[in-house]
Amino acid sequence: MTMVAVNPPPADQGFAVLVDIDKCIGCRACQLACKDWNGLAPVKTTFSPTFTNPQSFTAQDWKVVFYYEGTAKKGLATPAGEVVFEQVDVAPLPAQCLHCAAAPCARACPSGAISVTPEGAVVINKDQCIGCGFCENACPYDVPRRGSDGKYYKCTFCVDRIQNGREPACAEVCPTGVFTFGPASQIVQMAQSEAAKGRTVYGLNLNPYVGGQVRWIYVSSDRKAFAIKQHFPSDAVVPTNEAREVLREIVPPLALVGAVALTAVGFASWRRARIEEQKSQQKQKEQ
Amino acid sequence: MASMGYRISHQINLVLITLLAITGSMLLFPGLMSWLSYAVGAPLAAFLGSPYPVSVGEELARTSHRFLADVWGVFLIVYAIYLLVFRRIHVFDALRKPLGDQIREARALADHYILGKPLPDDVASSLERHNVLVAYMTVVLVVGIVLLSASGVLMVYSTYLGLTEGSYRLLLLLHDLGFYLALLFIFAHLFAVLHPSNRPLLVAMFSYGRIPLEWARRHMPRYLRHVEGGGS
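Residues numbered from 1 in each chain as written. Chains lettered and ligands numbered in written order. Predicted model: local features only at pLDDT ≥ 70, side-chain atom pairs only at ≥ 80, totals over all residues.

Comments concerning the overall build of chain B
Then step 1. The helix and strand tally for chain B stands at eleven helices and zero strands.
Then step 2. From first element to last, N terminus to C terminus, chain B shows the α and β order α-α-α-α-α-α-α-α-α-α-α.
Then step 3. Referenced to the eigenvectors of the C-alpha coordinate spread, the extents of chain B come out at roughly 65 × 35 × 35 Å.
Then step 4. In chain B, 63% of the contacts between residues at least 6 apart in sequence involve partners at least 24 apart. (Helix = DSSP H or I, 4+ residues; strand = E, 2+ residues; numbered from the N terminus. Contact = placed C-beta atoms within 7 Å.)

Put into structure tokens, the structure is as follows:
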């Protein structure tokens, strides 16, 4: 075992959250609760074409409610029968670190600053962070952000609360019950049954790069599914970093085999040269 | 004869590339190299009162990697200018030969160095100062260094250059590939210089820069004819 090994618990152990964005009214109570519980400073906000503010995660904003526009089919009951039409809709999507089952950020961290707790929380220890940015490079969801002190920050899954028997702050404060927090096995089962009902689910059956699953699983009806499609990458992988990981696995054993083989060939050549030298010396003596 | 400048340059290169490879490996293979991070980080961690010697070691590796790369970059630029201005680049001479001859020479050299077979007379008599295998390995090294230095500089100044996260990710991959290519060259280079038949070269590089004339006649006859004919 090395000093920077990552040992995440199996995906069905620890905790998870089911995020039902159909219930989200975009009040941003979760965003505020996150800042409040974690003591995160306010940041200067800017105007933009959407309600999303700040525009994305920052070192001081670990939870952000994103707002997406899309078209959804709606049915209207009329005396002449149901009329189905398309309507532009706005869907809020509360986002944070998804706490991947096999977190690529933790694998990429050279100083062992990112650990996975038995609860399944992927946590950055800022005292160990060296600010290299490898976590940012590895994350398919662009979550970790560099702070003004050069270190990286992101959602902790409120592991301090979980370890004391409480839900994450955002889940506890939500007035409409968007977040269902519980043991991972139960949450995964709930997500699977939602998928069986025909709802859109994001967070199960993902790329092995993130361990095939994340611990914050999103569900929605067709009406708000566009937000999930717009927010999350279709394939949860960073191809360049995946290639780096493959090379990192292959190169050390190859280098070792190559070094041994070249040493063996070199030694054989040295031995042959020595024998030939001895033979020629013998011949000279005989002459 | 290898000049004093050539040997000093080689020594600087040897030290810098070794330190860069070690500090880079500490960042690239943290699992394999954490013992070294611990070893170099522990004294400073104790001094700073940090309970995380591995992190301190990695921090040292990261900082020194950037500093050493800057020094190496300046050195390489100066050295490249010297080589180009004074027309000292002979390492690619073997690539002027027809491709068929290059393949024949490469095969004969591989048989000689790996299996101990004698070189055919026509191949032996046409060897340049650097043979065709050295020339191609140098091409690999040059590609590796270009990848390493270009991606390294761009990554260090990515914030000022406004590079996107996608570009940065690509640069990091290219940096890794550059390192692997350089590593390939280093393996081949170490094998060649430590091979018994090249012992005079090794001795020359780390002593007075001279090789026996008889050895030069066998290993670089074409180049020797060129020098004896008045070339540089």
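Here's the deal with the interface of chain B and chain A
Accessible area lost during the coming together of the parts is what is often quoted as the interface size.
Then step 1. Every contact between the two is made by 31 residues of chain B and, on the other side, 33 residues of chain A.
Then step 2. Elements with a contribution of two residues or more to the side of chain B that touches chain A: helix 1 (4–28), helix 2 (30–48), helix 3 (53–85) and helix 8 (165–194) of chain B.
Then step 3. Per element, the largest residue contribution to the side of chain B that touches chain A is twelve residues, and it comes from helix 8 of chain B.
Then step 4. Each residue belonging to the side of chain B that touches chain A can be placed in one class, and the counts come to 19 nonpolar, six polar and six charged. (Nonpolar A, V, L, I, M, F, W, Y, C, P; charged D, E, K, R; others polar.)

Let's talk about the environment of Leu147(B)
Residue and element names in this part refer to chain B.
Then step 1. In this structure, Leu147 sits in helix 6 (residues 132–156).
Then step 2. Between the C-alpha atoms of Leu147 and Ser64, which are 83 residues apart in sequence, the distance is 20 Å.
Then step 3. Excluding residues within four positions of it along the chain, Leu147 makes contact with Leu174, His175, Leu177, Gly178 and Leu181.

What about unusual backbone geometry?
Note on backbone geometry: most residues besides glycine have negative phi, and most peptide bonds are trans.
Residue and element names in this part refer to chain A.
Then step 1. A cis amide bond, omega 0 degrees, links Asn53 with the succeeding residue Pro54.
Then step 2. Of note, Pro54 is situated in the loop between helix 1 (29–38) and strand 2 (64–78).
Then step 3. The phi angle at Cys158 is positive, at roughly 50 degrees, despite the residue not being glycine.
Then step 4. Its place among the elements puts Cys158 in the loop between strand 7 (152–153) and helix 4 (159–162).

Regarding the pairing of strand 2 of chain A
If a strand is regular, its side chains alternate between the two faces of the sheet.
Residue and element names in this part refer to chain A.
Then step 1. Where strand 2 meets strand 3 (residues 81–95), 15 bridges bridge the pair, whose relative direction is antiparallel. Within strand 3, the position partnered with Val64 by the bridge is Ala95.
Then step 2. The turn joining strand 2 and strand 3, which pair antiparallel and follow one another in sequence, is formed by two residues. (Pairing = 2+ DSSP bridges.)

Some points on the domain arrangement of chain A
Residues and elements named next belong to chain A.
Then step 1. When cut into domains, chain A gives domain 1 (15–237) and domain 2 (239–287).
Then step 2. One C-alpha centre belongs to domain 1, the other to domain 2, and the line joining them spans 53 Å.
Then step 3. Each side of the interface is counted separately: domain 1 has seven residues, and domain 2 has four residues.
Then step 4. Secondary structure elements with two or more residues in the side of domain 1 that touches domain 2: helix 2 (104–108) and helix 3 (134–138).
Then step 5. Residue contributions to the side of domain 1 that touches domain 2 peak at three residues, all from helix 2.
Then step 6. Broken down by class, the residue content of the side of domain 1 that touches domain 2 amounts to five nonpolar, one polar and one charged. (Domains from an automatic or database assignment.)

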